[in-house]
Amino acid sequence: MQIAIDGPASAGKSTIAKIIAAKLNYVYTDTGAMYRAATWLARQNKIDYSDADGIAKLIKQFPISFRVESDKQHVLVAGHDISEDIRQPQISKNVSQVAALASVRDLLVQQQRQIAQENDVVMDGRDIGTTVLPDAQVKIFLVASVQERAHRRYLENKTRGIETSLSTIEDEIAARDYKDSHRQISPLKKASDAIEVDTTKLEINQVVEEILKIIHNKTNN
Ligand code: CDP
Ligand code: CDP
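What counts, and where the lines are drawn
Residues numbered from 1 in each chain as written. Chains lettered and ligands numbered in written order. Predicted model: local features only at pLDDT ≥ 70, side-chain atom pairs only at ≥ 80, totals over all residues. Heavy atoms only, no water. UniProt positions renumbered as here; feature names shortened; annotations may be inferred. Pairing = 2+ DSSP bridges. Helix = DSSP H or I, 4+ residues; strand = E, 2+ residues; numbered from the N terminus. Axes fitted to C-alpha atoms, helices over the stretch in contact; angles between N-to-C directions. Contact = heavy atoms within 4.5 Å.

- Per an unreviewed UniProt entry, the protein chain goes by Cytidylate kinase and derives from Bombilactobacillus bombi.
- According to its UniProt record, the protein chain has this under Sequence similarities (unreviewed entry): "Belongs to the cytidylate kinase family. Type 1 subfamily."
- In UniProt, the protein chain has this text filed under Subcellular location (unreviewed entry): "Cytoplasm".

1. Some words on the sheet that holds strand E6 (residues 121-125)
- An order of E2-E6-E1-E7-E8 is seen for the 5 strands of this open sheet, with the pairing classed as parallel. In this open sheet, the two strands that pair with only one neighbour each are strand E2 (27-30) and strand E8 (195-198). Strand-to-strand twist of the sheet, defined as the mean angle between neighbouring strand axes without regard to direction, takes the value 20 degrees.
- As paired elements, strand E7 (residues 138-143) and E8 share 4 bridges and run parallel to each other. In the strand pairing of E8, valine 143 is matched with aspartate 198.
- Relative to the sheet, helix H5 (residues 102-118) contacts strand E1 (2-6), E2 and E6, its axis offset from that of E6 by approximately 160 degrees.
- Each of E1, E7 and E8 touches helix H9 (residues 204-219); the most contacted strand, E7, lies at about 155 degrees to it.

Structural data, given as structure tokens:
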């Protein structure tokens, strides 16, 4: 079983995908964390964010993996826990540039498909319904107004101890959405068979309910 959840930054994809995966006992895969990890590897090794071959080499040398521990998903690179590091503003600012590189996408998409081949998955990202899992049984496109998304990220950053103004966050996510939607390879786009859910005015539990209904209607699960 494959459930694809795509959408722009901070629409609630990972929060919702994690809850749905836990309810259905599926594996949750945060593909954005993989592109963030690739960006972290470049930064750590002082490789230019446009150096496709250099970053691809790093991904092969230091494989990216996930570990679930007391309900929280940890992102590891060569056994080193980088879950918090990859959420820092310096990574958010540069991740779209790294994610636009063909050789980086090739490697990470291959790994994502492998995970989906071996498990029932809820996978979230930008190109899951269009490219990674085009045959997914359920495809959701999660959206919300940019103001609401910036506000959510602002609150989330606060709990992480990251102090960034609301307007800076709004500019950052709008710029990232633009880059993600306009890149050449696998741009952020609603799949023709995806169901759009606007979460602007919905609480998390309401979004979960709506998506569970969609899954039930499509699969009888
Ligand atoms: O959590 P947030 O919405 O801020 O972003 P994310 O899901 O962690 O994704 C970070 C970045 O990775 C996105 O802005 C895209 O540039 C890239 N990404 C991608 O290109 N394809 C995916 N399937 C997932 C993320
Ligand atoms: O993965 P993505 O970037 O799409 O968003 P997220 O990191 O799951 O969600 C961003 C923040 O919005 C989190 O702190 C959520 O708790 C919050 N939120 C939400 O996900 N859904 C709502 N309906 C309301 C708030």
